[in-house]
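Here is what each chain is made of, one letter per residue.
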Amino acid sequence: MSQHIRPAASHERLAPVAGAPLWCDARDYGLQGDGVTNDQPALSALVDRLGEGYAADGRARVIYCPPGIYSIRDAGTVWRSGVSLLGAGSGATRFLLSNEGNRAEPTPLAFWTTLQHGADRDRHIADCTFADFEIDGSGVALAQYNYLAKGLGLQYVVRGVFRNLYIHHTGATGLGCDFLQDCLVDGVVVVGCGRLDNGEQMGGAGIGIGVGGWGAVERCTITNCTTLGNGTNGIFLELQKPYWEPPRGYRIIGCHSQANRFGISDWGADGLIVSGCTITGNLEAGFDISGNGTAGVAGRGGILTDCVIDRNVRDGISVGNTPGAYTIRGNRISGNGGHGYHQHDLGDGYQGPAAEIVIDGNDFWDNGLDAIRVDRPMVDAMFVDNRIRNNGRQCEAAATGSGESVWYARRAMTDRSACWRADGHRGKILRVGSRLAVVVGNTDTDLALADLRPDAENAWNEDVPPPGAAYELPAPAPVRAGITVNAHFDSATVRGNRIWDNSSEPTQGYGIWVTERGTCVSCRVEENDLAGNAEGALRCDSRPVGGRWTRNHTDVD
């Protein structure tokens, strides 16, 4: 019988295999936890010993690591079914990963993969829990990026539990496990992982889950996790093969994702549920639905509900190349540097129109550009009962300056001669010669700048500019609206929305704007309250074709 297949259930009470206890203290089996001894060989031997016991009698084993620093050097441990690893809590039990003796080895704490070990549905990992310890990946250095430089990197896992872990500063993804069936990821904190990823590599996330290996359904819940300052995504799901069926069954609930490149991303699931999350301060987008992943397949059929999506550097929600249907319901989408919701073409993935997108009952406010912008064809969309107010905050005129009043820091610029509107430059690109940085906010004289990449502590693509160097800030978009249609918009329903600007200096120009490139065909635009925008209720640069435009309240009414 394969060591990775659980024996059939039996009424016989099997005794533990001799030499493979059900529970063991790691210190009694050769691990020192002194921060000096390489504990990897002893850990590997113990995992093999207990894994053989599980394969023989079907009874899961537990390794308990008391408080200490366990040095794991120069090799990862090939994990076995039925072996759990428990500590005394993060900060108490720490696994310190390093590879100074073998720079070619990425050194994860535990791994079991298809390419390295032949993992598949019939040779999976089962009945393992990883809980209550810390993984410090800061000691791993590589001449070139390797996606296996993870904290935990298991594939084809059944009944796995990852709970109360603190994983930080790994070279690649912190918790990077694929094809999780009947699994739970709970209370995992991941900080500064993907530090060796240049932003275009595979992985490099806080929590990265490859999906599709089990077929149509993979049952996994990710809950109560925190991801901070990771190289690509805070949390993402990624279909691994373009010809695989996007699976159902994943849920992300009650998580916090901050200061990553993307906050939470759906790169190929079907029916992903994201609920009750806080997604803030991410550099590219808060929530991303696209084909940016390995397979080039975007998520579809998901639900994003009851989340706070706030102060992301560019768009709050970025949607590209999904076939649809997706429901965005009951979220607060505020203070983002770009658009609140942006439907646009990101190149990879499905090339047809997005169908049956629902944006329902959300609160859009204080975003830099449009609250909702459609730059890619949509069919049968429903924008209903949203509250859209005080957007278009990126309104400050173009600016230049140099000389004694100007100086720069790693994350800031000051021009004492300026008199800017607060946050009027939010989301703009600051140029100083060939140096670039992105503005996240401003006072009358100071610009706050976003990190160049997560966990970078520097905003500039080159060295910090010298004092007095000349800078440029571009002009704002000339028109900023509550809802902007800049693509083919077919058979949509836009109903019951309240779209207005009640600030002392309004910046949201129109309630609804249909651009010259936008075409509204057979749309139902009814019962919207569009009164109180800076320039007007409705602007149609191209004439709608068919449909119904009735009972909309405007200032003229």
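Quantities reported herein were computed from a predicted structural model and do not represent experimental measurements.

Asks: Is there a simple way to explain the pairing of strand β24 (residues 285-289) in this structure?
Replies: Residues in a regular strand project their side chains so that they alternate between the two faces of the sheet. Along β24, five of the five residues are buried, which leaves the element largely enclosed by surrounding structure. When strand β21 (residues 262-267) meets β24, the two strands line up parallel, connected through four bridges. Paired with D266 across the two strands is I289, which belongs to β24. Direction of pairing for β24 relative to strand β27 (residues 315-319): parallel, over a ladder of four bridges. Looking at β27, one finds that A285 is bridged to D315.

Asks: Help me understand the packing of aromatic side chains in this model?
Replies: Aromatic rings in a pair are described by how distant their centres are and how their planes are angled relative to each other. This structure, assessed with the given rule, holds 14 aromatic pairs. Here Y70 and F95 contribute two aromatic rings whose centre-to-centre distance is 5.4 Å and whose plane-to-plane angle is 35°, an arrangement assigned as tilted. With Y70 in strand β4 (residues 68-73) and F95 in strand β7 (residues 93-98), this pair connects stretches of sequence that are 25 residues apart. When its relative accessible area of 0% is taken as the criterion, F95 is described as buried.

Asks: How should I be thinking about the pairing of β4 in this particular structure?
Replies: When strand β2 (residues 34-38) meets β4, the two strands line up parallel, connected through two bridges. By the bridge assignment for β4, D34 is matched with I69. Two strands pair when backbone bridges link them, and β4 and β7 are joined in this way by six bridges, in the parallel orientation. Residue S71 lies in a different strand from β7, and its bridge partner there is L96.

Asks: Got a minute to help me understand the environment of Y250 in this structure?
Replies: With respect to the helices, strands and loops of the structure, Y250 is situated in strand β19 (residues 248-253). Residue Y250 is classed as buried on the basis of its relative accessible area, which comes to 2%. In this structure, the C-alpha to C-alpha distance between Y250 and H339, residues 89 residues apart in sequence, is 27 Å. What Y250 contacts, discounting residues up to four positions off in sequence, is F179, L180, I209, G210, V211, E218, C220, L237, G271, L272 and I273. Here the side chain of Y250 touches E218 through a polar contact of 2.4 Å, side chain to side chain.

Asks: Explain the pattern of salt bridges to me, please; I cannot follow it from the model alone.
Replies: A pair can form between side chains of opposite charge whenever their charged atoms are brought close. The final tally for this structure, using the stated rule, is 27 salt bridges. Among the salt bridges present, the one from D366 reaches R311, with a minimum N-O distance of 3.5 Å. On the criterion of sequence distance, the pair formed by D366 in the loop between β32 (363-365) and β33 (372-374) and R311 in the loop between β26 (308-310) and β27 is long-range, its members being 55 residues apart. With a shortest N-O distance of 3.7 Å, E505 and R421 are connected by a salt bridge. Of this pair, E505 sits in the loop between β47 (498-500) and β48 (510-514) while R421 sits in the loop between β39 (412-415) and β40 (429-432), and the two are 84 residues apart along the sequence. Of the residues examined, R421 reaches a relative accessible area of 24% and is grouped as partly exposed. Taken together, the salt bridges that share partners define one network made up of R311, D366, R393, D423, R426 and D501.

Asks: What is the right way to look at unusual backbone geometry in this model?
Replies: Excluding glycine, a negative phi dihedral is what most residues carry, and trans is how most peptide bonds are arranged. Residue D366 is not a glycine yet carries a positive backbone phi of 65°. The backbone of E457 shows a phi angle near 60°, a positive value even though the residue is not glycine. The residue E457 is located in the loop between β42 (446-449) and β43 (471-473) in this model. Under the relative-accessibility criterion, E457 is labelled partly exposed at 45%.

Asks: Sorry if this is basic, but what is going on with the nonpolar core here?
Replies: One recurring pattern in soluble globular proteins: nonpolar side chains tend to sit buried together. Counting 108 residues, the largest nonpolar core has I63, W79, F130 and F489 as the members making the most contacts within it. The leading source of residues in this core is strand β10 (residues 152-168), at eight residues. Excluding residues that lie within four positions of it along the chain, F130 makes contacts with W79, L85, A110, L152, L154, V161, F162, R163 and L165. One finds V406, L449, W460 and L473 within the second-largest nonpolar core, a separate group that totals 17 residues.

Asks: Just to check I follow, could you spell out helix α1 (residues 40-57) for this structure?
Replies: Every α-helix winds through 3.6 residues per turn, so residues three or four apart in the chain are directed the same way. Taking 1.5 Å of rise per residue, 18 residues should cover 26 Å, and α1 covers 26 Å from first to last C-alpha, within 8% of that figure. All of the buried residues in α1 are Q40, A42, L43, L46, V47, L50, G51, G53, Y54, A55 and D57. Once α1 finishes, G58 follows within two positions and takes phi at roughly 75°, a positive value.

Asks: Please explain the confidence of the model for the chain as it appears in this structure.
Replies: Atom-level detail of predicted coordinates should not be read off regions where pLDDT is low. Chain-level statistics for the chain give a pLDDT mean of 95 and a share of 97% at 70 or above. Here residues 1-11 is a poorly scored stretch, pLDDT under 50, and it has 22 contacts once near neighbours within four places are set aside; other chains count.

Asks: Before we go on, may I ask you to explain the state of the cysteines in this structure?
Replies: Such a bond, covalent and formed between the sulfur atoms of two cysteines, is termed a disulfide. The full count for this structure, using the stated rule, is zero disulfides. Here C277 is not cross-linked by a disulfide; its sulfur's nearest cysteine counterpart is in C307, at 4.6 Å.

Asks: Just to check I follow, could you spell out the side chain of R480 for this structure?
Replies: Note on placement: R480 falls in the loop between β43 and β44 (481-485). A distance of 2.8 Å separates a polar atom in the side chain of R480 from the backbone oxygen of G392. R480 has contacts with G368, L369, D370, G392, Q394, C395, T507, Q508, G509 and Y510, leaving out every residue within four places of it along the chain.

The rules behind these values
Residues numbered from 1 in each chain as written. Predicted model: local features only at pLDDT ≥ 70, side-chain atom pairs only at ≥ 80, totals over all residues. Heavy atoms only, no water. Buried < 20%, exposed > 50% of the residue type's maximum accessible area, 1.4 Å probe, protein only. Helix = DSSP H or I, 4+ residues; strand = E, 2+ residues; numbered from the N terminus. Pairing = 2+ DSSP bridges. Phe/Tyr/Trp six-rings, centres within 6.5 Å; stacked < 30°, edge-to-face > 60°. Contact = heavy atoms within 4.5 Å. Polar contact = N/O pair within 3.5 Å; in protein donor to acceptor, adjacent residues only side chain to side chain. Salt bridge = Lys/Arg side-chain N within 4 Å of Asp/Glu carboxyl O. Core = buried A, V, L, I, M, F, W, Y, C linked by side-chain atoms within 4.5 Å. Expected span 1.5 Å × (residues − 1). pLDDT = per-residue confidence, 0-100. Disulfide = S-S within 2.5 Å.

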